[in-house]
Amino acid sequence: MQDRVAALLPGREGHFVFESGHHGELWLELERLALHPEELRPLVDALATRLRAHRAELICAPLVEGAFVGLMLAEALGLEFTYSLPTRDPSATGLLPVSYAIPKPLERALAGRRVAVINDVTNAGSAVRGTLEDLRRCGGQPVVIGSLAVYGDSASALAVAHGAALETLASFPSRIWEPASCPLCAKGVPLSA
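The model shown is predicted, which means the values in this text are computed figures rather than measured ones.

1. Focus on the overall build of the protein chain
Here is step 1: Within the protein chain, the secondary structure is distributed over 7 helices and 9 strands.
Here is step 2: Taken along the three principal axes of its C-alpha coordinates, the protein chain extends 50 × 40 × 30 Å.
Here is step 3: Counting across all 193 residues of the protein chain, residues that qualify as buried make up 47%.
Here is step 4: Restricting the contact set of the protein chain to residue pairs at least 6 apart, pairs at least 24 apart contribute 62%.
Here is step 5: Accessible surface for the protein chain amounts to roughly 9200 Å². Of this, 55% is attributable to carbon and sulfur atoms.

Have a look at this one:
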């Protein structure tokens, strides 16, 4: 399964700044993940099988790519679907400058319900973290975090912090750093476009 997931995650090497503010050397072109849904469907079905045991009543996923996987999972599991929207704070400095909010018309659908928070790939976890925070504000109960792949241990830490299980099809080592400890910055490697 690890190889099947990796094959759908095209990437390129360089020096990148991610949404979370972390630096890294691998950029995954997640925009291409749902380009051929028929290739993604077997992985979604495999993740759906793992999620069933958690008895979620609803799926919530961060836009953009995580929501595509979430919508496919909701359909596979016969569940309702909600999403969260990213908002960048232009005055924020440091890590996690992006927050995620569930649209107002969807908030009531989450109150008191068992929710699976779904992402495509979780690395630093900023999209999942932001979605979990707003889900709690809306009264939803996260019971599981599902991700096609996780890089490093951020997803596990988020699951523990929110009392939720973690289900994934593949795990890879993390290749991200806080800016102050980035070895690429220390070597003077310019940021990639």
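2. Section: the pairing of strand β3 (residues 58-62)
Here is step 1: Counting buried residues in β3 gives 5 out of 5 residues, a clear majority hidden from the surface.
Here is step 2: Across 5 bridges, the pairing between β3 and strand β4 (residues 80-88) is parallel. From the neighbouring strand, A61 faces β4, where its bridge partner is Y83.
Here is step 3: As paired strands, β3 and strand β6 (residues 114-122) are joined by 3 bridges and run parallel to one another.

3. Things to note about the environment of L110
Here is step 1: On the secondary structure map, L110 appears in helix α4 (residues 104-110).
Here is step 2: Linking L110 and G139, residues 29 residues apart in sequence, is a C-alpha distance of 6.4 Å.
Here is step 3: Contact partners of L110, with chain neighbours within four places excluded, come to L58, T82, I102, V115, L135, C138, G139 and G140.

4. Brief notes about the confidence of the model for the protein chain
Here is step 1: Of the residues in the protein chain, 96% have a pLDDT of 70 or more, and the chain-wide mean is 91.
Here is step 2: Element-level mean pLDDT values for the protein chain span from 86 in strand β5 (residues 98-101) up to 97 in β3.

5. As for the sheet that holds strand β9 (residues 176-177)
Here is step 1: On the basis of which strands lie adjacent, the open sheet formed by 3 strands has the order β1-β2-β9 and antiparallel pairing. The sheet is open, and its two edges are formed by β1 (11-17) and β9, each paired on a single side.
Here is step 2: Looking at chain direction, strand β2 (residues 23-28) and β9 are connected through 2 bridges and run antiparallel. Pairing of H23 across the sheet is with W177, part of β9.

6. Side note on the packing of helix α2 (residues 37-51) against helix α3 (residues 65-77)
To describe two helices that pack against each other, one gives the angle between their axes and the distance between the axes.
Here is step 1: Where α2 meets α3, the axes come as close as 9 Å, and the angle between the chain directions of the two elements is 60°. The angle between the axes of α2 and α3 places the two elements in the oblique class. In terms of crossing hand, the pair formed by α2 and α3 is right-handed. Where α2 abuts α3, its residues P37, L40, R41, V44, D45, L47, A48 and L51 lie against V69, M72, L73, E75, A76 and L77.

7. Some details on the layout of surface pockets
Here is step 1: In this structure, the largest pocket encloses a volume near 660 Å³.
Here is step 2: Together, 26 residues line the largest pocket, and F18, E19, L30, D120 and V121 are the ones closest to its centre.
Here is step 3: In terms of residues, the lining of the largest pocket owes the most to one element, β6, which gives 4 residues.
Here is step 4: Taken together, the residues of the lining of the largest pocket sort by class into 14 nonpolar, 7 polar and 5 charged.

8. A few points about the packing of aromatic side chains
Here is step 1: Counted according to the given criterion, the structure contains 4 aromatic pairs.
Here is step 2: An aromatic cluster is built from F16, F18 and W27, whose rings are joined through pairwise contacts.

Thresholds, definitions, all that
Residues numbered from 1 in each chain as written. Predicted model: local features only at pLDDT ≥ 70, side-chain atom pairs only at ≥ 80, totals over all residues. Heavy atoms only, no water. Helix = DSSP H or I, 4+ residues; strand = E, 2+ residues; numbered from the N terminus. Buried < 20%, exposed > 50% of the residue type's maximum accessible area, 1.4 Å probe, protein only. Contact = heavy atoms within 4.5 Å. Areas by Shrake-Rupley, 256 points an atom, 1.4 Å probe, with all protein chains shown as cover. Pairing = 2+ DSSP bridges. pLDDT = per-residue confidence, 0-100. Axes fitted to C-alpha atoms, helices over the stretch in contact; angles between N-to-C directions. Parallel < 35°, antiparallel > 145°, perpendicular 65-115°, else oblique. Left-handed = near helix turned anticlockwise from the far one by under 90°. 1 Å grid on protein atoms, 1.4 Å probe; cavity = no way out; pocket = protein on both sides within 12 Å on 5 of 7 lines; lining within 4 Å. Points joined across faces, edges and corners; volume = space filled by probe spheres on them. Nonpolar A, V, L, I, M, F, W, Y, C, P; charged D, E, K, R; others polar. Phe/Tyr/Trp six-rings, centres within 6.5 Å; stacked < 30°, edge-to-face > 60°.

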